[in-house]
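# What the coordinates show
In case you want the letters, here they are:
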Protein chains: 2
Amino acid sequence: MVGIKDIAKMAGVSVSTVSNVINGRKNVGKETRERILQICEEVGYQPNLIGKSLKSGKTNTIVFNFSDFERNFYLKIIKGINDYLSENGFDLIVCTTSSSKNFMRNNFARGAIVLDKKMDNEFLVSVADEQFPIVVMDRIVNNDYIQSVIVENYTVMSELVQTLINKGFRNFGYIGGIESSLDHQERFQAFTDTLKNNNIPFQRTHYYFGDFTEESGYRAANIITLSNNLPEILVCSNDNMAIGAMKALKESNYSVPGDISVTGFDDATAAETYELTTVAIPRYESGYLAAKELVEMIQGTRNKDIFKISAKIKWRNTVK
Amino acid sequence: MVGIKDIAKMAGVSVSTVSNVINGRKNVGKETRERILQICEEVGYQPNLIGKSLKSGKTNTIVFNFSDFERNFYLKIIKGINDYLSENGFDLIVCTTSSSKNFMRNNFARGAIVLDKKMDNEFLVSVADEQFPIVVMDRIVNNDYIQSVIVENYTVMSELVQTLINKGFRNFGYIGGIESSLDHQERFQAFTDTLKNNNIPFQRTHYYFGDFTEESGYRAANIITLSNNLPEILVCSNDNMAIGAMKALKESNYSVPGDISVTGFDDATAAETYELTTVAIPRYESGYLAAKELVEMIQGTRNKDIFKISAKIKWRNTVK
DNA sequence: TTGTACGCGTTATCAT
DNA sequence: ATGATAACGCGTACAA
């Protein structure tokens, strides 16, 4: 509401002088400078970003886009992004898909971090630009001005399965996630590859379909209990399904890990409660690093490689 | 990136004509209109909000402000806000405190919903305006252009305590939250009032300090177990503390609800896992209604009363 | 230290 | 039916 003009009027000087003071230029008398700063303080003046960008053509605003409100860890990602950006003098605005499209067009943002799958590649490619670089999370887009930050699923899943094999497990079951998801694909690929490398057969009948929801894990485990062919260990593509599976197993009076071991992936909040052995993905750090990548693109120090976030196994009490 | 000018060039017409087509005015030939619409479609034209607001002085952008990334239910609130606003043609941008102050000054937003306590009343009063109304959640600010949406803690806590009394409980303990918080104050007031109304004494020694964190509940319950003066029931100002308390009780080999009953408040995600009896606050609905209040203020149909969200008791298995 | 032209995308007004 | 152009608001930059 209160702008540079108002300040000028109050101080009895011209707008130019106020502008000079605000931008720390030295061509202003000490006394005038102090009076102006005093007034800015009093009325809580803050420069109008639009006005600023109007002239310079540049802003310091970054858009973060998401739309899945069910995933609590998104807040951690946002916090990571927020922290890095505010440490580096950028403003963050968080948008859900429909409004993101508006704000990514307007030249009032300097770049974007995109998490929402609904924001299609075609659109991203159409707006990505030297003047408007984009970081996408959990997907890969081939474009000079789009950088990917993805979780390194493969390595950690391989490590998990290898360790399980070393512990003596041979008879594996797997509950998969949405098949089109990159996360699922990588996790399952690592699972089968590691078994193969160890010459351990994986029976396709021990693969159960899921969609990352707790219910799908529950249903899958119910099917397992009916099959009279219980695997020794049930590896799940995420925690929700692992927890659903454990509920079903418990209801059928199987003990975990007594009768069957279970592992998850994500380290969701509930995983700790259920003492589930899982893989912890550093969400905060992903956000932080995504923001860092974006700022580096903005500053021209571009890194062409896909940025991979490494995850860690959390051994708890659902594996024998 | 692509604006009205570009469209005009592509269609071989003037910007005026394009503007007329976009705004559905009838002074354009059918053929020209169709050609222009076609091009807009092809290149994915979307009107530039800044340019628009520059001319009209109005926008349809609403700012939502928060800063506590630990509270998962904030996502539900955001979803509620997002849904109402998008149903009603407004754009939502979510900001954390520092950038919110920028965007609430710039006249590019039409109003704001504020959740963050760090956004002080003084600032809110200074920006609230007929042209920029504000809805605050979980606090009360006395200003014509600021509307409050708060959770009705008192009624539901009274109901909870009264029901516990009816069940036969007489010896109550209480773990409080941050004392300056309105939520805590109302919950504790309802607690003591209801006991008083039933002529049940509450020993001040059965009040334990907490700060809404799980650790504080854990510590409080450890003190309780050392006191040799166990209450029959422990009412907690929120779920986190109730869960912390239950962990401590379990570690000291007390059974819940066998030896002592426990209640929480919030219906956090973990509450279900722990089968904790608690109070469910409709978070999604709070956000939705806050957005609704704001839009009504913008449209001039102002409702002077404080908007109260009512909550519901969820009976689970931590009360005998 | 001041005056003022300029930049942005869109819309309204007035001409053609 | 279509076009040319001023105006909107805020901050910056450059000449005075």
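Residues numbered from 1 in each chain as written. Chains lettered and ligands numbered in written order. Predicted model: local features only at pLDDT ≥ 70, side-chain atom pairs only at ≥ 80, totals over all residues. Heavy atoms only, no water.

### Quick look at the nonpolar core
Membership of the largest hydrophobic core comes to 54 residues, with the highest contact counts inside it found for A:Phe64, A:Ile113, B:Phe64 and B:Ile113. Every residue in contact with B:Phe64, bar those within four places of it in the chain, is listed here: B:Ile77, B:Ile78, B:Ile81, B:Leu92, B:Ile93, B:Val94, B:Cys95, B:Ile113, B:Leu115 and B:Met137. (Core = buried A, V, L, I, M, F, W, Y, C linked by side-chain atoms within 4.5 Å. Buried < 20%, exposed > 50% of the residue type's maximum accessible area, 1.4 Å probe, protein only. Contact = heavy atoms within 4.5 Å.)

### Section: the domain arrangement of chain A
All names here are of chain A. Split by domain assignment, chain A resolves into domain 1 (4-47), domain 2 (53-150 + 283-308) and domain 3 (153-281). Between domain 2 and domain 3, the C-alpha centre-to-centre distance is 33 Å. The interface of domain 2 with domain 3 comprises four residues on the first partner and four residues on the second. Together domain 2 and domain 3 conceal approximately 480 Å² of surface at their shared face, both sides included; 47% is due to carbon and sulfur atoms. For the domain 2 face of the interface with domain 3, the top three residues by lost area are Asp138, Ile150 and Arg283, together amounting to 65%. Counting the contacts that link domain 2 with domain 3 gives one salt bridge. A salt bridge links Arg283 to Asp266; the shortest N-O distance between them is 3.3 Å. On the surface where domain 2 and domain 3 come into contact, there are two residue pairs in polar contact (both at pLDDT 80 or more). (Domains from an automatic or database assignment. Buried area = accessible area lost by both parts, 1.4 Å probe. Salt bridge = Lys/Arg side-chain N within 4 Å of Asp/Glu carboxyl O. Polar contact = N/O pair within 3.5 Å; in protein donor to acceptor, adjacent residues only side chain to side chain.)

### Some words on the side chain of B:Ser158
Residues and elements named next belong to chain B. Its place among the elements puts Ser158 in helix H8 (residues 153-166). We classify Ser158 as buried; its relative accessible area is 15%. Not counting residues within four places of it along the chain, the set of residues in contact with Ser158 comprises Ala190 and Thr194. (Helix = DSSP H or I, 4+ residues; strand = E, 2+ residues; numbered from the N terminus.)

### Comments concerning the interface of chain A and chain B
Accessible area lost upon the coming together of the parts serves often as the stated size of an interface. Taken together, the contact between chain A and chain B spans 38 residues of the former and 39 residues of the latter. Taking both sides of the interface into account, the surface hidden between chain A and chain B amounts to around 3600 Å²; carbon and sulfur atoms contribute 56%. For the chain A face of the interface with chain B, the top three residues by lost area are A:Phe69, A:Leu75 and A:Arg105, together amounting to 20%. The interface formed by chain A and chain B holds zero salt bridges in total. Inspection of the region where chain A meets chain B yields nine residue pairs in polar contact (both at pLDDT 80 or more). The residue inventory of the side of chain A that touches chain B, partitioned by class, reads 18 nonpolar, 13 polar and seven charged. (Nonpolar A, V, L, I, M, F, W, Y, C, P; charged D, E, K, R; others polar.)

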